[in-house]
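What follows is the residue order along each chain.
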Amino acid sequence: MSFRCGTVALAGRPNAGKSSLINALLGEKLAIVSDKAQTTRHLLTGVLTTEDCQYLLVDLPGYQTRHAGMLNRALNRRALEAVRDCDLVTLVVEALRYGSEDRAVLGRIPREARIVVAVNKIDLARDRAELLPFLQRLSQERDFAALVPVSARSGENLPELLRVLRGGLPEGPAAYPEDQLSDRNERFFAAEILREKLFRRLGEELPYSCEVAVESFREEGRLRRIEATILVGRESHKPIVIGKGGATLKRIASDARREMETRFGGKVALGVWVKVKRDWSSDARALRQLGYPA
Ligand SMILES: Nc1nc2c(ncn2[C@@H]2O[C@H](COP(=O)(O)OP(=O)(O)OP(=O)(O)O)[C@@H](O)[C@H]2O)c(=O)[nH]1
Ligand SMILES: [Mg+2]
C-alpha cells in the first residue's frame, strides 16, 4: 500500500470536542481541553504517523466571540484560512445535537472542500437507536464524504475514523519525522498548559479576559526554568486570579507545573506573575507578541 500524507483541519462549533479528538487520535494529551467553550486560541498541528499514513491534524479554535473585535476577527480569519488550505476537513459535531452554531461553521467551509463529519460524544447518547436517523438528517446538510460516529472519551470507532480520513489524503512522503508529535515547541506548550489551568480553575467569565505569556524558558541541565505572566484585562480581575492569600494562583501554578513535568519528562521550576494589561485583546502589538496572527 502506498504511503499518504496530508493535512486534516478539525472545524466545529466551540466545545464539540475538536481538541479532545486530536488528543485521542494521537494517544497523547497535546491540545488543551476544558468544559468551557472557546478554549482553543492557537492553531496547533498534531502529527500522527502510522505504517501507511501521516496525518497532520490541525486543531482550530471554535468560532470566537468572547474577545475584543480584533482578536475574534484574527482567530476566525486564521481558522478559515486553515480550512481552505487543508487536504481534508473534519467537521466535528456532537451526537444528537446539530444546531445553528454547527450550521454556521458548515456555512463557512467552502463548497468544494472534502468533508468528513466526526459525530463525537456518542458515549453520551443514551439511546443508540436515535443515532441512525440523526446521521440521516445530518447527511442532507451537504454532500459529505462520510459520517463517522466516534467518542474521543472512550476511543470508540477512532480506527474507523482514521481509515476514512486516510482515503481523503494525497499520496506522498511524510512531512515530519515519524517520532515528531507536533509543529510546536515546549515554550508554546508551557503557555498553553498554564492557560488550560486558568480555564479549568477560574469561573465562567474570567478565563476569556486572561492570556498567558512565557517570558523566559531556560534549560539548566535536566531542569526547565520557566517564567510566565498571566495577563488580565482589568485591575479588578487580578485579586480573583491570585485568590485569598495567593491560594488560587498557587493551585493554578502547581497544576500547570505538574503537567509540564509529565509532558516534558523532567523537573520544572515555574514562576508565575499576574499583570494587568488593559485591553490586551484589542492591542495589535500585544497580540503579535502573544503569537496571534496580525
Ligand atoms: N462525554 C464526552 N465528552 C467529551 C468528548 N469529547 C470531548 N468531550 C468534552 O467536551 C468538552 C469540550 O472539549 P474540547 O476538546 O475542549 O472542545 P473543542 O471543540 O476543542 O472546544 P473549543 O476549543 O472551545 O472550540 C470537554 O469538557 C471535553 O472533556 C467525548 O467524546 N465524550
Ligand atoms: Mg479546542
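This text gives an overview of the structure that appears in the document.

Analysis parameters
Residues numbered from 1 in each chain as written. Chains lettered and ligands numbered in written order. Predicted model: local features only at pLDDT ≥ 70, side-chain atom pairs only at ≥ 80, totals over all residues. Heavy atoms only, no water. Near = heavy atom within 4 Å. Polar contact = N/O pair within 3.5 Å; in protein donor to acceptor, adjacent residues only side chain to side chain. Areas by Shrake-Rupley, 256 points an atom, 1.4 Å probe, with all protein chains shown as cover. 1 Å grid on protein atoms, 1.4 Å probe; cavity = no way out; pocket = protein on both sides within 12 Å on 5 of 7 lines; lining within 4 Å. Sits in = over half its atoms within 2 Å of the grid points. Salt bridge = Lys/Arg side-chain N within 4 Å of Asp/Glu carboxyl O. Helix = DSSP H or I, 4+ residues; strand = E, 2+ residues; numbered from the N terminus. Buried < 20%, exposed > 50% of the residue type's maximum accessible area, 1.4 Å probe, protein only.

Our focus in this paragraph is the site of ligand 1. Around ligand 1 lies a shell of 23 residues, among which Lys18, Ser20, Gln38, Thr39 and Asp123 are the nearest. Lysine 18 is positioned with one of its side-chain polar atoms (N or O) 2.7 Å from an oxygen atom of ligand 1. Within the side chain of serine 151, one N or O atom sits 3.3 Å away from an oxygen atom of ligand 1. Within the complex, the protein chains bury 92% of what would otherwise be the 660 Å² of accessible surface of ligand 1. Judged by the proximity of its atoms to the pocket grid, ligand 1 belongs to the largest pocket.

Applying the stated criterion across every chain, the model contains 23 salt bridges. Where arginine 41 meets glutamate 211, a salt bridge forms, and the shortest distance between an N and an O atom there is 2.8 Å. Of this pair, arginine 41 sits in the loop between α1 (18–26) and β2 (44–49) while glutamate 211 sits in strand β7 (residues 210–220); the two residues are 170 residues apart in sequence, bridging distant segments of the chain. We classify arginine 41 as buried; its relative accessible area is 1%. Overall, the relative accessible area of 2% leaves glutamate 211 in the buried class. The salt bridge involving arginine 201 is made with aspartate 255; its shortest N-O contact spans 2.7 Å. One end of the pair, arginine 201, is in helix α6 (residues 186–201); the other, aspartate 255, is in helix α8 (residues 247–264), with 54 residues separating them in the sequence. Connected through shared salt-bridge partners, Arg13, Glu94, Arg97, Asp102 and Lys121 make up one network.

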